[in-house]
Amino acid sequence: MMFYRLLSIVGRQRASPGWQNWSSARNSASAAEARSMALPTQAQVVVCGGGITGTSVAHHQSKMGWKDIVLLEQGRLAAGSTRFCAGILSTARHLTIEQKMADYSNKLYHQLEQETGIQTGYTRTGSIFLAQTQDRLISLKRINAGLNVIGIPSEIISPKKVAELHHLLNVHDLVGAMHVPEDAVVSSADVALALASAASQNAIVDADGRIYIRNWQGGILSGGFEKNPKPIFTEGKNQLEIQNLQEDWDHFEPLLSSLLRRMPELETLEIMKLVNCPETFTPDMRCIMGESPAVQGYFVLAGMNSAGLSFGGGAGKYLAEWMVHGYPSENVWELDLKRFGALQSSRTFLRHRVMEVMPLMYDLKVPRWDFQTGRQLRTSPLYDRLDAQGARWMEKHGFERPKYFVPPDKDLLALEQSKTFYKPDWFDIVESEVKCCKEAVCVIDMSSFTKFEITSTGDQALEVLQYLFSNDLDVPVGHIVHTGMLNEGGGYENDCSIARLNKRSFFMISPTDQQVHCWAWLKKHMPKDSNLLLEDVTWKYTALNLIGPRAVDVLSELSYAPMTPDHFPSLFCKEMSVGYAKGIRVMSMTHTGEPGFMLYIPIEYALHVYNEVMSVGQKYGIRNAGYYALRSLRIEKFFAFWGQDINNLTTPLECGRESRVKLEKGMDFIGRDALLQQKQNGVYKRLTMFILDDHDSDLDLWPWWGEPIYRNGQYVGKTTSSAYSYSLERHVCLGFVHNFSEDTGEEQVVTADFINRGEYEIDIAGYRFQAKAKLYPVASLFTQKRRKDDMELSDLHGK
């Protein structure tokens, strides 16, 4: 993508020489670094790329004790996108991991001059993020709350205060702003050289105007993210060194107009230079980090989405830890390159998606928004049928999944355009779907779930899986086990359900976005045994989730077989006929805690089975439901979500889940020693359910994820997921509670007593709401609600 920056003169007699001096200084410094030298025949690690991220990785590997490091750059150091970086180091990010990376980068760059003797131009200027709308201000308040609890000073300020901090700004259209006083500016190329002069006024980000502004050599540097970006290097061709591309003033005009509206006094000044340079973006606006699933020992850190300077220090540290120690010190699943599959690497997909991504960098992103490009890449055989019945779609790992189903009487256009931090317009629709799941029967297409088969000619499959998984899989044929694959640290690498099909064959079901990661982990640890076969069968089966108390009636009628618990116990799998179709794997589980069955159907029978289910189910009140209803059902039963509530730094003991059987039996498996140590010493965080008490779902801002959790007024963690429980008639959040020492800030053991004795609040964009903490599902609350409903019904009949 081409990316614009404008250099505007504030003092004409000073600015132009300043640019020339910077350029010549850069050339001479780079030339000094570019002396030729012979390459060694081997090295412990070879880092390809001499920009901010590559030099950061090499720097941190050296700090961690690696000495045999070769850094390769096809041109000169820092001559790629780092050369044209605006030099704004901002910690204001939505994701916690990105905030931490940027905060670490800030601290690292601050000390580099003293450590290396190379001038980096580091100046702590602070940043101001402007809000022209209330929704933008809410977004900033959410970021502000997240920054404060990890020790980054920031505050929400008024337009009047903005004018005081930067007198050249036009503030008449602002509703507020966020000030981050410890953000900084640097010379990015010099930082890269230090890992291998700016003014003191605040940098400005006007996301609604799509621009940023900072002082530069006595002048102004401004750039932005245009709505109509131009793809470049689409045929895979690149330059040895990135050069300034041809000026395109017509393309830049909207950004220039936005700049002049924000700073009208620039109208009379001279424009010195338009810098038009390429930049890299990823399909989901998050950088790419981690080991290749295809080539062991090949690690990637790329696609910084124009945030390479802010993330470079922290991202380089995490990747170096990953390579040196085997795992980074933070959960980086949201950045792991294995979140993508091969289907998402086609040139056409990337061209269209990245053209959407770049404008989104400054667009307001409300909860549960969806990309519009690169869609219908992977679909269920039922897609057209469900779409015709009102399905509204979301995308996960390239797979289309129904969010909810719009009734014929609803205004579809208004619903699609409804985007808010408050109560969404789909609330009533999802409520009716949840009610149907509770009282009658619903069907949810869950074909996107990852599905593997592991088979062997002998006992190899069981032996290998027993070592790889934390729960005991030596169960009778037909039984289903919920388990996880752990790493040596005891953290989850995967969360799944496994059905034993026969003595030598297992059927594994995992979250949708675990397909690549799970496959890579299994292949990495399975022996190269020709008698052991791992097959990805995700595409072979359509999965229908039949949820509700009348599901047993529907399936009994279709299969001509008794489906009651006496004949078909919980967590059991049996191959059956449904309608005319044979070979349907029917499982007595729903992933929600509600009664019902999962049907894994060979794709050629998918439409037939669906039609039969809907036809027979009419007498029982059947209807379609989507993933929003599924989410509500899951969270009220304390069912965690992979990637949010469970990750590779989360252990079964922290979640109160499986592994106890194997530990008690003394069986060996990956992660066993770490779990035994935690069992003896205690855990340092606990997954906890929070039920909001004084929250008005009609009027108050909703929790979504990432909200700070306070215990007795002290910060103890963040929520990882949230949903409205229609049964409890309250919001439910999940999150990890830590026990930070008030004296040192160090983490201490978290006990059940520590959880239960605290008074809790959830911070939603600066407003705190009281919450009850629970370590186990709240069955008692469901019982109390049913009793209340029965009493009200009795009173009504009495009248």
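Residues numbered from 1 in each chain as written. Predicted model: local features only at pLDDT ≥ 70, side-chain atom pairs only at ≥ 80, totals over all residues. Heavy atoms only, no water.

Caption draft 1: How the structure looks around the sheet that holds strand β24 (residues 573-578). A sheet is described by the order of its strands in space; here six strands give the open sequence β24-β25-β26-β23-β17-β27, paired in mixed fashion. The sheet is open, and its two edges are formed by β24 and β27 (623-624), each paired on a single side. (Pairing = 2+ DSSP bridges. Helix = DSSP H or I, 4+ residues; strand = E, 2+ residues; numbered from the N terminus.)

Caption draft 2: Region of the structure containing the environment of V171. Along the chain, V171 turns up in the loop between α5 (159-165) and β7 (176-180). The spatial distance from the C-alpha of V171 to the C-alpha of A131 is 9.9 Å, given a sequence separation of 40 residues. Discounting residues that sit within four places of it in the chain, V171 has contacts with P159, V162, A163 and R262. (Contact = heavy atoms within 4.5 Å.)

Caption draft 3: Expanded view of the packing of helix α12 (residues 427-439) against helix α17 (residues 627-636). The interhelical angle for the contact between α12 and α17, taken along N-to-C directions, is 60°, at an axis separation of 9 Å. Considering their axes alone, α12 and α17 lie oblique with respect to each other. In terms of crossing hand, the pair formed by α12 and α17 is right-handed. Contact with α12, carried on its side by V430, E433, V434, C437 and K438, involves Y628, A629, S632, L633 and E636 of α17 and no other residues of that element. Within the contact of α12 with α17, the residues separate by chemical class into six nonpolar, one polar and three charged. (Axes fitted to C-alpha atoms, helices over the stretch in contact; angles between N-to-C directions. Parallel < 35°, antiparallel > 145°, perpendicular 65-115°, else oblique. Left-handed = near helix turned anticlockwise from the far one by under 90°. Nonpolar A, V, L, I, M, F, W, Y, C, P; charged D, E, K, R; others polar.)

Caption draft 4: The sheet that holds strand β22 (residues 532-536), seen in detail. Taken in spatial order, the five strands make up an open sheet running β19-β20-β21-β18-β22, and their pairing is antiparallel. Sheet topology places β19 (480-486) and β22 at the edges, where each strand pairs with a single neighbour. Going across the sheet, the axis of each strand differs from the next one's by a mean of 25°, ignoring polarity. Looking at chain direction, strand β18 (residues 450-456) and β22 are connected through five bridges and run antiparallel. When the sheet's bridge partners are listed, I454 is paired in β22 with L534.

Caption draft 5: Inspection of unusual backbone geometry at higher detail. Backbone geometry places N305, a non-glycine residue, at a positive phi of 50°. Mapped onto the elements, N305 comes out in the loop between β14 (299-302) and α8 (308-325). Look at L571: it is not a glycine, yet its phi comes out positive at around 55°. By the secondary structure assignment, L571 is in the loop between α15 (551-559) and β24.

Caption draft 6: Quick peek at the confidence of the model for the protein. Summarising the model, the protein shows a mean pLDDT of 87, and 89% of its residues fall at 70 or more. Contacts for the low-pLDDT stretch residues 9-34, under 50 throughout, to residues beyond four places or in other chains number 37 contacts. In this model residues 786-799 is a low-confidence stretch, pLDDT under 50, and it forms zero contacts with partners more than four residues away in sequence or in other chains. (pLDDT = per-residue confidence, 0-100.)

Caption draft 7: Summary view of the state of the cysteines. The full count for this structure, using the stated rule, is zero disulfides. Here C437 is not disulfide-linked; the sulfur of C442 is the nearest cysteine sulfur, at 3.7 Å. (Disulfide = S-S within 2.5 Å.)

Caption draft 8: Looking closely at the packing of α15 against helix α16 (residues 606-617). Running from amino to carboxyl end, α15 crosses α16 at an angle of 120°, the nearest separation of the two axes being 9 Å. In the packing of α15 onto α16, the handedness of the crossing is right-handed. Contacts from V554, E557 and L558 of α15 reach α16 at E612, V613, V616 and G617. Per-class residue counts for the contact of α15 with α16 are four nonpolar, one polar and two charged.

Caption draft 9: Representation of the nonpolar core in the model. Ranked by internal contacts, the top residues of the largest apolar core, which has 38 residues, are W426, V430, F507, M587 and Y600. Residue assignment for this core shows that the elements contributing at least two residues are α12, β17 (442-445), β21 (505-510), β23 (541-547), β26 (596-602) and α17. Among the elements that line this core, the one with the most residues is α12, at six residues. Counting residues in each nonpolar core, the second largest holds 33 residues, with L382, F572, L599 and Y610 among its members. (Core = buried A, V, L, I, M, F, W, Y, C linked by side-chain atoms within 4.5 Å. Buried < 20%, exposed > 50% of the residue type's maximum accessible area, 1.4 Å probe, protein only.)

Caption draft 10: Representation of the packing of aromatic side chains within the structure. Enumeration over the complete set of coordinates arrives at 24 aromatic pairs. Look at Y404 and Y628: their rings are 5.6 Å apart centre to centre, the planes differ by 55°, and that puts the pair in the tilted class. Of this pair, Y404 sits in strand β16 (residues 399-405) while Y628 is found in helix α17, placing the two residues 224 residues apart along the sequence. The class of Y404 is buried, set by a relative accessible area of 3%. Cluster of aromatic residues (ring-pair linked, three or more members): Y404, W426, F427, Y628, W702, W704, Y724 and Y726. The lysine or arginine in question, R585, covers the ring of F507, its NZ or CZ lying 4.7 Å from the ring centre. The aromatic ring of F754 is capped on one face by R711, whose charged end is 3.7 Å from the ring centroid. (Phe/Tyr/Trp six-rings, centres within 6.5 Å; stacked < 30°, edge-to-face > 60°. Lys NZ or Arg CZ within 6 Å of the ring centre and 35° of its normal.)

Caption draft 11: Geometry of a nonpolar patch on the surface. A grouping of L39, V46 and L72 is seen on the molecular surface, where their side chains present a nonpolar patch of about 260 Å² in accessible area. Relative to the helices and strands, L72 resides in strand β3 (residues 69-72). (Patch = residues over 30% accessible without salt bridge, like charges linked within 9 Å, V, L, I, M, F, W, Y side chains within 5 Å. Areas by Shrake-Rupley, 256 points an atom, 1.4 Å probe, with all protein chains shown as cover. Salt bridge = Lys/Arg side-chain N within 4 Å of Asp/Glu carboxyl O.)

Caption draft 12: Molecular detail of the pattern of salt bridges. Throughout the structure, instances matching the rule amount to 36 salt bridges. Linking D673 and R672 is a salt bridge whose minimum nitrogen-to-oxygen distance equals 3.6 Å. Take D673: its relative accessible area is 56%, and that puts it in the exposed class. Between R757 and D753 there is a salt bridge, with the nearest N and O atoms lying 2.7 Å from each other. For R757, a relative accessible area of 62% translates into the label exposed. Judged by its relative accessible area of 42%, D753 is partly exposed.

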